[in-house]
Amino acid sequence: MTQATATSFPLDHEYVPPRRRLGGLRRFVTREPLGTIGAVVVLLMIFGAIAAPILHTTNPKAFSADVLSSPSWDHWFGTTREGKDVWSRVLYGGRVSLKIGLSTVVISVLGGTLLALVSGYLGGIVDFVLGRITDVLVALPAILFALTLRTSIGQDVPDVPGMSQGEILLVIAICVVFTPVIFRIMRGAVLEQRNAVYVEAARVVGASELRIMFRHLLPNLAGLMIVITSTTLPAAILTESALSFLGVGVEIGTPSWGADLSGNARQFFVDAPWIAIFPGLALSLTVLAFNLLGDSLRDTLDPRLRNKR
Amino acid sequence: MWAYIIRRLIAVPFMLFGLSALLFWLLYLRPGNAALTNFGLVSPDQTKDAVANLEKDLGLDRPAVVQYFDWAGHALTGDLGESLKNRRSISGQIGERLPNTVEIAVLTILITAAIGIPVGILSAIRPGSWLDYSLRVVTIAGISIPSFWVATLLLILPVIWWGWTPLHQNYVNFTTDPLENLRIVIWPALVLAVSSAAYVARIVRSSMLETLYSDYVRTARAKGLRERVVIIQHVFRSSLVTLLTVIGLQFGAVLGGSVIAEQIFAIPGIGLLTYQAVFNVDYTLVLGVTMVFALMFVLINLAVDILYTFVDPRIRY
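If you're wondering where the values come from, they're calculated on a predicted model, not measured in any experiment.

Reading the values: the criteria
- Residues numbered from 1 in each chain as written.
- Chains lettered and ligands numbered in written order.
- Predicted model: local features only at pLDDT ≥ 70, side-chain atom pairs only at ≥ 80, totals over all residues.
- Heavy atoms only, no water.
- Salt bridge = Lys/Arg side-chain N within 4 Å of Asp/Glu carboxyl O.
- Helix = DSSP H or I, 4+ residues; strand = E, 2+ residues; numbered from the N terminus.
- Buried < 20%, exposed > 50% of the residue type's maximum accessible area, 1.4 Å probe, protein only.
- 1 Å grid on protein atoms, 1.4 Å probe; cavity = no way out; pocket = protein on both sides within 12 Å on 5 of 7 lines; lining within 4 Å.
- Points joined across faces, edges and corners; volume = space filled by probe spheres on them.
- Domains from an automatic or database assignment.
- Contact = heavy atoms within 4.5 Å.
- Buried area = accessible area lost by both parts, 1.4 Å probe.
- Axes fitted to C-alpha atoms, helices over the stretch in contact; angles between N-to-C directions.
- Parallel < 35°, antiparallel > 145°, perpendicular 65-115°, else oblique.
- Left-handed = near helix turned anticlockwise from the far one by under 90°.
- Nonpolar A, V, L, I, M, F, W, Y, C, P; charged D, E, K, R; others polar.
- Polar contact = N/O pair within 3.5 Å; in protein donor to acceptor, adjacent residues only side chain to side chain.

Lay out the pattern of salt bridges in plain terms, naming residues and giving numbers.
Using the criterion set out here, one finds 9 salt bridges over all chains in the structure. Notably, a salt bridge pairs E167 of chain A with K99 of chain A, separated by 3.2 Å at the nearest N-O pair. Placement of the pair is E167 of chain A in helix α7 (residues 165–194) and K99 of chain A in helix α4 (residues 86–122), with a sequence separation of 68 residues. When its relative accessible area of 5% is taken as the criterion, E167 of chain A is described as buried. As a salt-bridge pair, D132 of chain B and R205 of chain B come within 2.8 Å of each other at their nearest N and O atoms.

Following this line, the structure appears as structure tokens:
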């Protein structure tokens, strides 16, 4: 490659090397078949959630006289005891899961990284205080903490366009549980990088602390951030569905994979197993796809982490 | 080492203090909370007086700090106050139900170790083989499937296929009838063990792969040790530290999962108690149960850290 370049373009400064993005993608597809399957399923789920209105669905909250009918052409996944179309509820439930999963992950990864940068790089009293707060916040099993938080924060939540009160509360609860965990991992990475030569070099040429943190350290954490995002997202979706299953998730009636498996619907599962099977299957497949993708991304992006977790 | 253990022991009360203060603040100090939740005691068109009386009765009219330290002082003596709903002693309720939850947790961890460790070893012996590949797919599926769906399928599919259900209507204590009790608790334990075992298997595999190609393993093979001895005594042994950490963490996950499993299988443990407390908006009970969970979780993590030094003599604090 270098030889060919040297002979065909001697001293040619106009030469632009071919873009290698697709090459990277092709390599990912051949080396990580499982990750590719995961990525395809994830894309399908996202497509299903976005394009739900045109995919043979009806209003997922609408009651109808057609109760507990088994899967047919009209109702691909059958209907619930209130006559709601299960196929529609699965697709619209995907919207809720993806919306909550994505917003919690974005907030907690960015928040955790930011705090880790400040804490790990500056050290001192900030580091000590944040470290002790983290110790307290991780002293409870995640699902329990989210459950307690979700029930105790209540009345006055800020309005966010496109999200209901229940969804905002879920996002807050899951973020408070996940951020400390991400903070711990990222802080470790910051400590590792803090004394690297490139940081020292930046300091020598007189870069400010802020500049070092955001222009030098942050880009070096990007790979780890992507990996953490891909492993946290399925965990966030699982936590959302577990809370909804326990009845402290989204508002009653909102299509949600977790909520659709709980409550009064349970007594009809034996007679109409499709009510239980399809939402659970959608949830499991989505989480599985994200996990497969995350695993492959970790192997590709961060070889050091290949054998961790 | 003793200095380390003592340092860690000193940190425990501070952690519990911080957590309890945080939860207390979250649960108690929303105005009118505890009083308003006691609908049974106040008529629907409650007057300000009624609420004020009730708050006075429950001691909620005192300053928050006074309330907290009053609670904490009693908690230190093992008295977690009384439930808002039925005025029963919280410590008593927890004491009654805690053994059931601990039993399920221990059983789950045993199943987890019994399945997860061999699967992980099998996977690591020949990395890249079809066996390794399929086990990896199975374990990644294991950590992806939510326990409440596994439990739901376990409750409906056997009924549809064979007309048999693993769900028992009446819970029997271990002390009353050990065999009958095991027949009940084995199901939630199995359900919770699915993801834990899958997780443990993944950890065992990856930590064994780290050492599989190291010099001392080659030496062990070179001096003619049998493959089984090499794998178990040299490779697996080195991953024990990681394994311990993970099993400790899984204990926490199982305790959290007990809220779901006990609710589905109607097991009267503290998981179910938490669920009911949350639904009855019984704040004192939520606080008490949560602190018991936290205490267990913190102590297990502490025990794991201390066990390190015995498993791996290289670790010196």
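Describe empty space enclosed by the protein, listing the residues and the values that go with them.
Residues and elements named next belong to chain B. Using the criterion set out here, one finds 1 cavity of 30 Å³ or more in the structure. What the largest cavity holds in volume is close to 40 Å³. Around the largest cavity, the lining residues are V119, G120, S123, L135, R136, T139, A201, R202 and R205. Going through the elements one at a time, α5 (90–125), α6 (130–144) and α8 (178–212) are the ones with two or more residues in the lining of the largest cavity.

Give a detailed account of the domain arrangement of chain B, specifying residues and quantitative values.
All names here are of chain B. Domain parsing of chain B yields domain 1 (2–76) and domain 2 (95–311). Contacts between the two partners involve 17 residues from domain 1 and, on the opposite side, 14 residues from domain 2. Both sides of the domain 1 and domain 2 interface together cover about 1,500 Å² of buried area, and 82% of this is carbon and sulfur. When the buried surface of domain 1 facing domain 2 is broken down by residue, R8, L16 and L27 rank first, second and third, together holding 33% of it. Our enumeration of links across domain 1 and domain 2 arrives at 0 salt bridges.

Lay out the packing of helix α1 (residues 2–28) of chain B against helix α13 (residues 283–311) of chain B with the relevant residues and their values.
Residue and element names in this part refer to chain B. Running from amino to carboxyl end, α1 crosses α13 at an angle of 160 degrees, the nearest separation of the two axes being 10 Å. Classified by the interaxial angle, the pair formed by α1 and α13 is roughly antiparallel. Crossing handedness for the pair α1 and α13: right-handed. Partitioning the contact of α1 with α13 into residue classes produces 20 nonpolar, 4 polar and 2 charged.

Describe in detail the interface of chain B and chain A, supporting the description with residues and values.
Counting residues at the interface gives 49 residues for chain B and 48 residues for chain A. Buried surface at the junction of chain B and chain A, summed over both partners, amounts to about 4,100 Å²; 74% is from carbon and sulfur atoms. Summed over the shared surface of chain B and chain A, the result is 1 salt bridge. In this structure, D295 of chain A and R202 of chain B form a salt bridge, with 3.1 Å as the shortest nitrogen-oxygen distance. Summed over the shared surface of chain B and chain A, the number is 3 residue pairs in polar contact (both at pLDDT 80 or more). Those elements giving two or more residues to the side of chain B that touches chain A turn out to be α1, α6, α7 (147–162), α8, α11 (240–265), α12 (270–279) and α13 of chain B. Split by residue class, the side of chain B that touches chain A holds 35 nonpolar, 11 polar and 3 charged.

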